[in-house]
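Structural description and commentary
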Amino acid sequence: MEYRNKVILITGASSGIGKSTAKALAQFNNTIILTARRESLLKRVANDVIKSGSECLTFVGDGREPSHAEAVVDEIVKRFGKIDIALLNIGMGPPSNTLEASVQTILDCMDINYKSLINFYVPLIRQMKKQKEVCMISHMNSLATYFGIPMQGDYTAAKGAARLFLETVRMELKHFGFEHIRIQTVHPGFVDTDASKNDGIPAPNQISEEKAAAYVLKGFQKEWKENRFPFGTSLATRIGRIAPLRLRTKILLSEAPKNF
Ligand SMILES: NC(=O)c1ccc[n+]([C@@H]2O[C@H](COP(=O)([O-])OP(=O)(O)OC[C@H]3O[C@@H](n4cnc5c(N)ncnc54)[C@H](OP(=O)(O)O)[C@@H]3O)[C@@H](O)[C@H]2O)c1
């Protein structure tokens, strides 16, 4: 779908891919609503968006809180009457070790990557079912969603859960006749953001956050159900998915640092 003159929500927009996508969309006369916890960074992104000619509104809050997500969606609909595109981008995957992580650490990763998606998804789908024009929920997933990866056990589990949930949503929208709602999952490979800079996770074929944003916009336009990039990492993931488990394990472990 086109991304000009639209009402667009981006969650997790204070830094990284969310920030860069907001700035890229700002050139197309949109109304862009940004959320995150770090207010000063969010304001900085909002200023850039306004300078590029789009309208901008910010909401400071924690995506793990259902009441925050409900309030954001309610307020957007009150002010603008609709939401054309929602890019649900909140997430993070710091390095982890499944043999040492606490219950809290593992479930926190689930909350940030999965619960925040569901918190926004429910009020969004309720609203979008009432709309008549084509609209889209796009979720920032990862190429790390398809199988377990050393150092990313909790993260791959959370992203995998999100991918499966949205796959079912897509089927049920078709079944119940809401085909104007597009469900997209975005699967970047390694992106050079503040979050990933010094995390120690091997990052072959890494791309800049600006390049990632350009892929995200292309995905909106093409309405791909799964937007995977860049090509090399996406292809490697495809091969990894069909490779025998023993071979995949050997390759993934050869990349993992000895101590983490
Ligand atoms: N970088 C990569 O290599 C890579 C690869 C594949 C997928 N991804 C995915 O891309 C998305 C963005 O990641 P990034 O690398 O751009 O990292 P980032 O710069 O840390 O961006 C994460 C964004 O989410 C927000 N956020 C985190 N926890 C939040 C919470 N509880 N409530 C509200 N906002 C929250 C952060 O803002 P505040 O801290 O201000 O709240 C920030 O704006 C994530 O979903 C990540 O899993 C990243």
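One structure accompanies this document, and this report is about it. (Residues numbered from 1 in each chain as written. Predicted model: local features only at pLDDT ≥ 70, side-chain atom pairs only at ≥ 80, totals over all residues. Heavy atoms only, no water.)

**Some points on the site of the ligand**
Basically, it comes down to this: Here a residue is near a molecule or strand as soon as one of its heavy atoms is found within 4 Å of it. Pairs of N or O atoms are called polar contacts if they sit within 3.5 Å, as long as, within protein, a hydrogen donor faces a hydrogen acceptor (for residues adjacent in sequence, only side-chain-to-side-chain pairs). Reported accessibility uses the Shrake-Rupley method at a 1.4 Å probe radius. Residues are deemed covered only where the shown protein chains occlude them. Numbering of helices and strands runs from the N terminus; a helix is a DSSP stretch of H or I covering at least four residues, while a strand is a stretch of E covering at least two. When residues are sorted by character, Ala, Val, Leu, Ile, Met, Phe, Trp, Tyr, Cys and Pro go into the nonpolar class, Asp, Glu, Lys and Arg into the charged class, and all the rest, Gly among them, into the polar class.
Neighbouring residues of the ligand: 28 residues in total, closest S15, R37, R38, Y155 and T193. Note that an oxygen atom of the ligand is positioned 2.7 Å from one of the side-chain N or O atoms of S15. For the ligand, an oxygen atom lies 3.4 Å from a polar atom in the backbone of G16. Burial of the ligand by the protein chains amounts to 94% of its free accessible area of 870 Å². Elements represented by at least two residues in the shell around the ligand include exactly helix 1 (16–25) and helix 5 (153–175). For the shell around the ligand, the residue count by class is 10 nonpolar, 13 polar and five charged.

**So, the layout of surface pockets**
Our working rule: Definitions used for this entry: grid spacing 1 Å over protein atoms alone; cavity, a set of points where a 1.4 Å probe fits but cannot get out; pocket, an open set with protein on both sides within 12 Å along at least 5 of 7 lines; lining residue, one with an atom within 4 Å of a point. Grid points are joined across faces, edges and corners, and a volume is the space filled by probe spheres set on the points.
As a volume, the second largest pocket reaches approximately 230 Å³. In terms of lining residues, the second largest pocket is bounded by 13 residues, among which R170, I181, R182, I183 and K225 are the most central. Put simply, the parts of the chain that give the lining of the second largest pocket at least two residues each are helix 5 and strand 6 (181–188). The element contributing the most residues to the lining of the second largest pocket is strand 6, with four residues. Taken together, the residues of the lining of the second largest pocket sort by class into six nonpolar, one polar and six charged.

**Description of the packing of aromatic side chains**
The relative placement of two aromatic rings is captured by the distance of their centres and the angle of their planes. For the record, the criterion: Between rings of Phe, Tyr and Trp, where Trp is taken as its six-membered ring, a pair exists when centres lie within 6.5 Å; planes separated by under 30 degrees are stacked, by over 60 edge-to-face, and by other angles tilted. For the exposure calls, accessible area comes from a 1.4 Å probe over protein chains only, and a residue counts as buried if that area is under 20% of its type's maximum, exposed if over 50%, partly exposed in between.
Throughout the structure, instances matching the rule amount to four aromatic pairs. With a centroid separation of 4.5 Å and an interplanar angle of 10°, the aromatic rings of Y215 and F229 are classed as stacked. Of this pair, Y215 sits in helix 6 (residues 209–222) while F229 is found in strand 9 (residues 226–229), placing the two residues 14 residues apart along the sequence. Using a relative accessible area of 25% as the deciding quantity, one classes Y215 as partly exposed. Every member of this aromatic cluster is reached through a ring pair, and the members are Y114, Y121 and F165.

**Some thoughts on the pattern of salt bridges**
This is how it is decided: Definition used for salt bridges: Asp or Glu carboxyl oxygen within 4 Å of a side-chain nitrogen of Lys or Arg.
Applying the stated criterion to the full structure yields nine salt bridges. Here K82 and D84 are joined by a salt bridge, their closest N and O atoms 3.2 Å apart. Taking relative accessible area as the criterion, K82 reaches 31% and is therefore assigned partly exposed. The class of D84 is buried, set by a relative accessible area of 4%.

**Digging into empty space enclosed by the protein**
Tallied over the entire structure, the rule returns one cavity of 30 Å³ or more. The biggest single contributor to the lining of the largest cavity is helix 4 (residues 103–130), with four residues. For the lining of the largest cavity, a count of residues per class yields four nonpolar, five polar and no charged.

**Focus: the environment of K222**
Summarising the element assignment, K222 is placed in helix 6. Residue classification places K222 among the partly exposed positions, given a relative accessible area of 48%. Linking K222 and M1, residues 221 residues apart in sequence, is a C-alpha distance of 6.6 Å.

**Here's the deal with the nonpolar core**
The condition that has to hold: Grouping buried Ala, Val, Leu, Ile, Met, Phe, Trp, Tyr and Cys residues that are joined through side-chain atoms within 4.5 Å yields what is termed a nonpolar core. Working rule for contacts: check all heavy atoms of both residues, and any pair within 4.5 Å makes them a contact.
Formed by 32 residues in total, the largest nonpolar core has its most connected members in I10, L25, L34 and F220. Elements with a minimum of two residues in this core: strand 1 (7–11), helix 1, strand 2 (31–36), helix 2 (39–51), strand 4 (85–88), strand 5 (135–140) and helix 6. When residues of this core are assigned to their parent elements, the largest contribution, five residues, is made by helix 6. Setting aside residues no more than four positions away along its own chain, F220 makes contact with M1, Y3, L25, I85, L87, M136, S138 and Q184. In terms of nonpolar packing, the next biggest core, distinct from the first, is built from 28 residues, L57, V73, F120 and V169 among them.

**Looking at unusual backbone geometry**
The residue after F229, namely P230, is reached through a cis peptide bond having omega -10°. Looking at where P230 falls in the secondary structure, it is placed in the loop between strand 9 and helix 7 (231–242). One non-glycine residue, M151, adopts positive backbone phi at about 80°. Along the chain, the position of M151 falls in the loop between strand 5 and helix 5. The class of M151 is buried, set by a relative accessible area of 6%. Despite not being glycine, N205 has its phi angle at roughly 60°, a positive value. Along the chain, N205 falls in the loop between strand 7 (191–192) and strand 8 (207–208). Classification of N205 as partly exposed rests on a relative accessible area of 44%.

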